[in-house]
Structure formats: structure tokens, C-alpha cells
Amino acid sequence: MTALKRTPLYAAHQAAGAKLVEFGGWEMPVSYAGILEEHRAVRTAAGLFDVSHMGEFEVAGPGAAGLCQRLTTNDVNLLVDGQVQYTLLCRDDGGVVDDITLYRRAADRYLLCVNAGNIAKDLAWVQAHAEGVSVDDQSDRTGLLALQGPRAAEILASLTDVDIAALRTFRFAEGAVAGKPAIVSRTGYTGEDGFELYAAATDVAALWGALIEAGRPAGLQPVGLGARDTLRLEAALALYGNDLDDETTPLSAGLARFVKLDGDDFVGRDALRAEREAGSGRRLVGLEVRGAGIARHGYPILGAGQPVGVVTSGTRSPTLERAVALGYVEAAWSEASEGLTVEIRGRQVEVAIVPTPFYRRARKGTPKGGS
Amino acid sequence: MEAPDTLRYSEEHEWVRVTDGIAVIGITDHAQDELGDIVFVELPAKDSVVTKGKPFGVVESVKAVSDVYSPVSGTVVEANDGLADTPEVVNSDPYGDGWMAKVALADPAEVEQLMTAAQYEEFVAKEKS
């Protein structure tokens, strides 16, 4: 067996009493105080995540913008310096190689943040299309922390020279955090306001310690991958390996707004245009379980008793206090108002298609609470 | 980890407390701690027959689904249906309000085959190492 990889924060997680589990070849904290408590901390105060296992590639030089445009489904021309874009790498047949964030640091310098389990695959894919453009895999020397929650901004503002109040969503700035050089990006994977902080692997432990210390009075807690999953699922953010993979397309996953089919050419565009014309054969939908039980990854979805799909992610939503799921169903069932069930341990349990995200945070000026 | 002396324990981390031929069954403090936050419990119906070593229910934590194995054989006389609405009680009070089922024992001798608290603590220590 290959030894599991560890982030520079492994010792800090152990000291904090984290439960550690294998995730995509990495030994990562699944929880510290408990998944539900950590989930609540992010929804009501703030949470700090070690996501240093994720990968970072820098693409730089005269052909960098062109390479990014050829490889990604979104439109790189929409980016200005200091802006981030959610986008996808697709195969020729439209299948998803990975979903990533793309940072424009300069007109000829881009940072790609990729999923941990896909680093080797993505690097080979990008290099195979590079045509001489420099691709630098910085994953091992880069640490990544996510600071998320309604109090994230005030915690971070106390530690950085970056103007946090002026930093808009999906923008980033370079500055110092707790005295360490970092990229401060107003992005995340929780459905809350928050930040992702890229720093040198050698600085990330000091950064972690400073943030935990500064955030404690505001209710900041360390948060593991368990709550990261429940938080992203409530926000209906896709997880590669569950909701997306080489065989799924961004159109069937409901990600059409990140796929610019009428702009410049990119790998997979022709297949995706054909899918747009013909309509997707199956669609990713949000499901709410109406009976007893939790629909989980891999459970069959039935329509009028016949197999019509499969659950790709499911949990009991800590915020909504009911079981929710994402799953693919045949297009004919994707707007059904009744007749759908999920098979849970041999039982047919009624589910209903509901709008996503399951959870939407109250914005400034919006009254708290649901409709 | 807490393991009261008055209970018997199975290798699947269930506990049993016997009074007048009725076994009260639940999962151990160690089991609830390993599972983490429990969010769903599925229990056997009253009058159903359960068999030692066979699954008789399910506990689901946020992350995982786990079978609960019956540590004894017999007939269910009562299930703790309150856990449907408050599964977290299995975390907070595994040996008390977090009990799962009461079973009329088919063979009281089965209880003697279960581990004592001291044996169970040793078993858990070995499992961890």
C-alpha cells in the first residue's frame, strides 16, 4: 500500500484531536469537535479548513491565456487581473476531467486550483495541450486554507493588509496574512461568505495558528472534511467523484452557465453543442426525502417503480434538519412532481424534486429565515 | 471510553442489560464515539424475532451507515421509537435513554458468552492497536 500523503498541518490536526481518515490518497481530518458542531460554526460564526491537499498549477507566458481558453469551458476573456472563475476541464466527448477555479494574476499568468484526487490526471491533461506554454505544478509547495462563515471577514481583516471590505466575491488580492505572503481569494465551498488563502507550504502552519487564535473569540472552529461535505451539499455545490466525473457532462450537471458554447472554441465544445441541441439524456436534480431514511451516494432512484437514476450525494442536512440529495435522473423525470422514490435498504422511500441550493444564506438587507 | 460493570458487551460494540429475562440492548460509548454525530436510527419492529450476530437495526452518522447486530436471540418486546426524532440521544446517553430495543431472551445462556466490561475494554484497546 502506498503511504498516505499528509499536509503541512498534519501535526496540528493531531494536536487538535482530529479524527483522521483517508481521502483521495491523503490522510485528512474528517472532524474535530464533531461534524454537526463544525457545520453550525460555519453557518453562524466561522470555520477554518485545511485544504492543502488541493492542487495548484501556474500557467504562464505568451500562450497562457490561449491555453486556458482552449482547455476550459468558461470564457477566460471575461476575467480581469485579480478575478477568479469557476470553470471546467472537459474531454472531447464533453465528459468532465475536473471542475476547477481559474485565477487571472496577469494577462499572461494564471493559477488553476484543481481537486486533490485529480492532480496527476489534470497535470497530464494540461501538459498534453500546452504546446510549449509553461505549466508549473506548485501543489507540493503550496498550502491552502479556507476561512468560511459570516464572521470570516472580520477575523481575516484583523490579520491582513489586504482591504477585505473592498474585496468582492470571486476576486482575489495578494498581500500578507499574519506576516506571511498569501493570495487572499473571496471564494469558498460552503455557501457562506468566506476566503481561500494560498500560502507557501512552509508558512501554512503559522497561518493556521494565527487564524485559530485570532478567530477564537468570534467562535471560529477548525472544520474537517465531514462538515465540508455537508456544507457544500446544502449549497448544492458539485463534488468531483460524486456528482461529476469523466462520464458526466457539465450540461447534465446543471452547470451550463459556466459553459460558453457560443464563444471561442475549447476542448469538448462540439460534443456539448450537440448535447445542447439534442437535450441532455439525464439531469442532476435536488431531492428531498419525504419518508424515513437518508438517501446516499449510489442508491437507486425509481420513477413509477422503474429505475430512472441514481443518487450521487446525500446526507441529512444539519441546517434544514431533513435528508437531501443530489442525483441524476432521466430527462423525462427531471421535472416530475410525483412518483419518484429512492431505494433505501430495499425499501421505496418517497422523494421530491426541489429547487437548489437547498440552503441559501441571508444576504445583507435580506431578513433572516426562509420563505 | 465508559463501559459500566453491570453490562455485557459484544464484539460488534453492543451492550446488554438483563432484568427478568428481558435484555435491553444498545450500542456502546466507544461505538457512538467512533460513529460521530448520529442522525438516523432504524430499529426492529415489536414482536420481530432477532438472532444473535445478525443485523437488527441501522444507525447512520452524518458520514456513514452502520448495521447494529443483535447480541442475543429472542423476540422484540419494545423498541425505543423515540430515537426516530432524537437520534442524538444515542451519542449523549448510550447506556441510558439511547437504548435501542428490549428483547425477551430465547436462550439466557447467550448472555454469559458476551464480554464483561473488563474484557470489552481490553478488546477495544486491541482493536485500536
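Everything here concerns the structure above.
Residues numbered from 1 in each chain as written. Chains lettered and ligands numbered in written order. Predicted model: local features only at pLDDT ≥ 70, side-chain atom pairs only at ≥ 80, totals over all residues. Heavy atoms only, no water.

Caption draft 1: Focus on the sheet that holds strand 4 (residues 38-42) of chain B. Residue and element names in this part refer to chain B. The 3 strands lie next to each other as 4-6-7, forming an open sheet whose pairing is antiparallel. Edge positions in the sheet fall to strand 4 and strand 7 (65-69), since each of these pairs with one other strand and no more. This sheet shows a mean twist of 25 degrees between the axes of neighbouring strands, independent of strand direction. Where strand 4 meets strand 6 (residues 55-61), 4 bridges bridge the pair, whose relative direction is antiparallel. Within strand 6, the residue paired with I38 across the bridge is S61. (Pairing = 2+ DSSP bridges. Helix = DSSP H or I, 4+ residues; strand = E, 2+ residues; numbered from the N terminus. Axes fitted to C-alpha atoms, helices over the stretch in contact; angles between N-to-C directions.)

Caption draft 2: Representation of the interface of chain B and chain A within the structure. Listed as interface residues are 14 residues of chain B and, on the opposing side, 18 residues of chain A. At the boundary of chain B with chain A, total buried surface from both sides reaches about 1,200 Å², with 53% on carbon and sulfur atoms. Inspection of the chain B/chain A interface yields 4 salt bridges. Linking B:E60 and A:R296 is a salt bridge whose minimum nitrogen-to-oxygen distance equals 2.7 Å. (Contact = heavy atoms within 4.5 Å. Buried area = accessible area lost by both parts, 1.4 Å probe. Salt bridge = Lys/Arg side-chain N within 4 Å of Asp/Glu carboxyl O.)

Caption draft 3: Highlighting the sheet that holds strand 10 (residues 172-177) of chain A. All names here are of chain A. Taken together, the 6 strands give an open sheet; going across it, the order is 10-11-12-9-3-13, and neighbouring strands pair in mixed fashion. Each of the sheet's edge strands pairs with one partner strand only, and the pair in question is strand 10 and strand 13 (220-222). Taking each pair of neighbouring strands and ignoring which way they run, the sheet shows an average axis angle of 25 degrees. Across the sheet, helix 6 (residues 204-215) touches strand 3 (46-50), strand 9 (142-148), strand 10, strand 11 (180-185), strand 12 (194-200) and strand 13, and the angle it forms with strand 9 is around 15 degrees.

Caption draft 4: Spotlight on the nonpolar core. Residues A:F49, A:Y103, A:Y198, A:L287, A:I301, A:V311 and A:V342 are the most contacted members of the largest nonpolar core, which totals 39 residues. When neighbours within four sequence positions are excluded, A:V342 is seen to be in contact with A:L287, A:A295, A:Y299, A:P300, A:I301, A:V311, A:R347, A:Q348, A:V349 and A:V351. (Core = buried A, V, L, I, M, F, W, Y, C linked by side-chain atoms within 4.5 Å. Buried < 20%, exposed > 50% of the residue type's maximum accessible area, 1.4 Å probe, protein only.)

Caption draft 5: Main features of helix 4 (residues 119-128) of chain A. Residues and elements named next belong to chain A. Taken together, the buried positions of helix 4 are occupied by I119, D122, L123, W125 and V126. All buried residues of helix 4 lie within an arc of 165 degrees about the axis, which places them on one face of the element. The outward face of helix 4, more than 90 degrees from its buried face, is lined by the exposed residues A120 and A128. (Arc of directions from axis to C-beta.)

Caption draft 6: Representation of helix 6 of chain A in the model. Residue and element names in this part refer to chain A. Compared with an ideal rise of 1.5 Å per residue, which puts 12 residues at 16 Å, helix 6 spans 16 Å between its outermost C-alpha atoms and is within 8% of the ideal. Within helix 6, burial applies to V204, L207, W208, L211, I212 and G215. For helix 6, the angular spread of the buried residues around the axis is 130 degrees, confining them to a single face. (Expected span 1.5 Å × (residues − 1).)

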